[in-house]
Amino acid sequence: MFIPVADSARSDDECLAFLAAQGFGHLIAPGRGREFPVVVPTQYVVDGDSIVLHLARPNPVWSALDENPVAVLSVAGDWAYIPGDWKAIGDEDPGAGIPTTYYAAVQAFCDATIVDEPTKLLDVLRTQLASLEPALPDPAQHLSRLPGIRGLVLRPRELREKFKYGGNVD
């Protein structure tokens, strides 16, 4: 993604705050020697400097992560098409304005750790539920269902962001 200086974040904290506020993105696992990466739309929770989630055990992302334990979480937020006549500068003819799209997006390039151990998997679920629906009972009451899911902890190695909101114009 091309990121002009005017569209870049001020810090990694700004990127993590954006990720935390969105809560849904596309997990991309390249695997090794595949024609295409595995792409999974998913819900997640930011937990400090990590991103946690869980998915069904039959999900094809697990084999790609077994081959290569790295992933990208790509998240886009609100966006708006800006018509050309809104972008006319000064006395410029509104018909000569250049249309664009304003949006926010963050790509988190991560090391991925698969979580299968029941106690740690429960920690992943508790973290997600504490953020999403804290009134639910502890997920430990569903121990018999744990074999149907796996957890994932993503630790961002690099964050790339683009907050394109016209910061380069008056």
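Shown above is the structure to which this text applies.
Attention here is on the structure that accompanies the text.

### Quick notes on the pattern of salt bridges
Next up, step 1: Inspection of every chain in the model, using the stated rule, returns 7 salt bridges.
Next up, step 2: A salt bridge links Asp-111 to Arg-157, with the shortest nitrogen-to-oxygen separation between them at 2.4 Å. Here Asp-111 is found in strand S6 (residues 100-115), whereas its partner Arg-157 is found in strand S7 (residues 149-164), with 46 residues between them in sequence.
Next up, step 3: Between Asp-138 and Arg-126 there is a salt bridge, and its shortest N-O distance comes to 2.6 Å. In this pair, Asp-138 is assigned in the loop between helix H3 (118-132) and S7 and Arg-126 in helix H3, connecting sequence segments 12 residues apart.

### Here's the deal with helix H1 (residues 12-22)
Next up, step 1: Residues of H1 that are buried include every one of Cys-15, Leu-16, Phe-18 and Leu-19, and no others. Viewed end-on, H1 has its buried residues packed into an arc of 155 degrees, placing them on one side of the element. H1 presents Asp-13 and Ala-21 as exposed residues on the side facing more than 90 degrees away from its buried surface.
Next up, step 2: The secondary structure elements touched by the buried residues of H1 are strand S3 (45-47), strand S4 (50-56), strand S5 (70-82), S6 and S7.
Next up, step 3: Looking one or two places after H1, you find Gly-23, whose phi comes out positive at around 75 degrees.

### Comments concerning the pairing of S6
Next up, step 1: Here 11 bridges tie S5 to S6, and the two strands are oriented antiparallel to one another. Bridging across to S6, Tyr-81 finds its partner in Thr-101.
Next up, step 2: When S6 meets S7, the two strands line up antiparallel, connected through 13 bridges. Note that in S7 the partner of Thr-113 across the bridge is Val-153.

### Here's the deal with the nonpolar core
Next up, step 1: Core analysis: the biggest nonpolar cluster contains 29 residues, and Leu-19, Leu-27, Val-61 and Leu-154 have the highest contact counts within it.
Next up, step 2: It is S6 that provides the largest number of residues to this core, a total of 5 residues.
Next up, step 3: With near-sequence residues (within four places) excluded, Val-61 lies in contact with Leu-27, Ala-29, Val-38, Val-40 and Leu-55.
Next up, step 4: Val-52, Leu-122, Leu-146 and Ile-149 belong to the second largest nonpolar core, which has 10 residues in total.

### Some points on H3
Along an α-helix, residues three or four apart share an orientation, since each turn contains 3.6 residues.
Next up, step 1: The end-to-end C-alpha separation of H3 is 21 Å, in line with the 21 Å expected for 15 residues at 1.5 Å each.
Next up, step 2: Within the span of H3, buried status applies to Leu-121, Leu-122, Val-124, Leu-125 and Gln-128. Viewed end-on, H3 has its buried residues packed into an arc of 155 degrees, placing them on one side of the element. The exposed residues of H3 that point more than 90 degrees off its buried face are Lys-120 and Ala-130.
Next up, step 3: Looking at the buried positions of H3, the neighbouring elements they touch are strand S2 (38-43), S3, S4, S6 and S7.

### Some remarks on the sheet that holds strand S1 (residues 24-29)
Next up, step 1: Spatial ordering of the open sheet is given by S2-S1-S5-S6-S7-S4-S3, a layout of 7 strands whose pairing is antiparallel. The sheet is open, and its two borders are formed by S2 and S3, each paired with just one other strand. Neighbour-to-neighbour, the strand axes of the sheet open up by a mean angle of 35 degrees, direction not taken into account.
Next up, step 2: Note: S4 against S7, 6 bridges, orientation antiparallel. For Leu-55, the partnering residue across the bridge sits in S7 and is Arg-150.

Thresholds, definitions, all that
Residues numbered from 1 in each chain as written. Predicted model: local features only at pLDDT ≥ 70, side-chain atom pairs only at ≥ 80, totals over all residues. Heavy atoms only, no water. Salt bridge = Lys/Arg side-chain N within 4 Å of Asp/Glu carboxyl O. Helix = DSSP H or I, 4+ residues; strand = E, 2+ residues; numbered from the N terminus. Buried < 20%, exposed > 50% of the residue type's maximum accessible area, 1.4 Å probe, protein only. Arc of directions from axis to C-beta. Contact = heavy atoms within 4.5 Å. Pairing = 2+ DSSP bridges. Core = buried A, V, L, I, M, F, W, Y, C linked by side-chain atoms within 4.5 Å. Expected span 1.5 Å × (residues − 1). Axes fitted to C-alpha atoms, helices over the stretch in contact; angles between N-to-C directions.

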